Amino acid sequence: VEPDEIGVRIQGGRIVEVVPPGVYSDLGLFVRLETYSATSYQFSVTDAELITSDSQRLGVTVSGSVFRPNFKKADLIADLWTRYRTIYISDEALQAVVNDLAAQAMKVCVGDRPFRDSIIGSARDDLRLCIDTELSTLMEPYGLDVQNVTVPNVLLSPEVQSLLDSITKSRLETEKAVQDKARATA
């Protein structure tokens, strides 16, 4: 078992022991040692079509790190191994689960907020915190731990982007007119 791995010793189809990194041998029949990486798995998931509570469309990207159970959680590994072995061993299977769970977390958190609270200022950090909490809750039954969740990107649909641009342009024109009037009066 390599330094960054966890080993599961199986004999006759039953888990005998969860082992930390090291060298192990067992010459019995129907004996095998399966390993998986205990290092972080980096993910990035994008959902381009989320609906806010005030029926606005936007896209969100969520990134972070997922950790499979470490040796300190040997009992948990033994309990969950038969159900989630594929997720622990395969990065592709883990990515599929992360995609589904992150999409669910994004839908819950964006759907509970109005548009303004999803994209502007400190409200965006509240969105990140909500997604982090929701994703952690969803991953717990798998024995997975999620950390370093970020929301690096919020994408606006072209219609919404053009509307926001026109609002910003209108505000700037109004402010310029007020300044021009003040300058003319002076």
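How each quantity is defined
Residues numbered from 1 in each chain as written. Predicted model: local features only at pLDDT ≥ 70, side-chain atom pairs only at ≥ 80, totals over all residues. Heavy atoms only, no water. Phe/Tyr/Trp six-rings, centres within 6.5 Å; stacked < 30°, edge-to-face > 60°. Buried < 20%, exposed > 50% of the residue type's maximum accessible area, 1.4 Å probe, protein only. Helix = DSSP H or I, 4+ residues; strand = E, 2+ residues; numbered from the N terminus. Core = buried A, V, L, I, M, F, W, Y, C linked by side-chain atoms within 4.5 Å. Contact = heavy atoms within 4.5 Å. Axes fitted to C-alpha atoms, helices over the stretch in contact; angles between N-to-C directions. Parallel < 35°, antiparallel > 145°, perpendicular 65-115°, else oblique. Pairing = 2+ DSSP bridges.

Caption draft 1: Here's a closer look at the packing of aromatic side chains. This structure, assessed with the given rule, holds 4 aromatic pairs. Measuring from centroid to centroid gives 6.1 Å for tryptophan 81 and tyrosine 88, while their planes differ by 40°, and the two rings are tilted. Residue classification places tyrosine 88 among the buried positions, given a relative accessible area of 0%. Note on tyrosine 84 and tyrosine 142: the rings are 4.8 Å apart at their centroids and 50° apart in plane angle, and the pair reads as tilted. Placement of tyrosine 84 in helix 1 (residues 74-89) and of tyrosine 142 in the loop between helix 4 (122-139) and strand 6 (145-156) is noted, with a sequence separation of 58 residues between them. Through pairs of rings, three or more aromatic residues link up here, namely Tyr36, Trp81 and Tyr88.

Caption draft 2: Local environment of the nonpolar core. Counting residues in hydrophobic clusters, the biggest one holds 39 residues, and the most contacted among them are Phe43, Val60 and Ile131. Looking at this core, the elements with two or more residues in it are strand 1 (5-11), strand 4 (41-51), strand 5 (57-67), helix 1, helix 2 (91-111), helix 4 and strand 6. With 9 residues, the top contributor of residues to this core is helix 2. The residues touching isoleucine 131, leaving out its near neighbours within four places in the chain, are Val60, Val62, Ala105, Met106, Cys109, Val149 and Val151.

Caption draft 3: How the structure looks around the packing of helix 1 against helix 2. In the contact formed by helix 1 and helix 2, the axes pass within 5 Å of each other and the chain directions differ by 105°. One finds that helix 1 runs roughly perpendicular with respect to helix 2. Of the residues in helix 2, those touching helix 1 at Thr86, Ile87 and Ile89 are Asp91, Ala93, Leu94 and Val97.

Caption draft 4: Region of interest: the sheet that holds strand 3 (residues 31-37). Reading across from one edge, 2-1-3 is the order of the 3 strands in this open sheet, with antiparallel pairing throughout. Every other strand in the sheet has two partners, leaving strand 2 (14-19) and strand 3 as the edge strands with one partner each. Recorded for the sheet is a direction-independent mean angle of 25° between the axes of neighbouring strands. Sheet contacts for helix 1: strand 1, strand 2 and strand 3; angle to strand 3, the most-contacted strand, approximately 80°.

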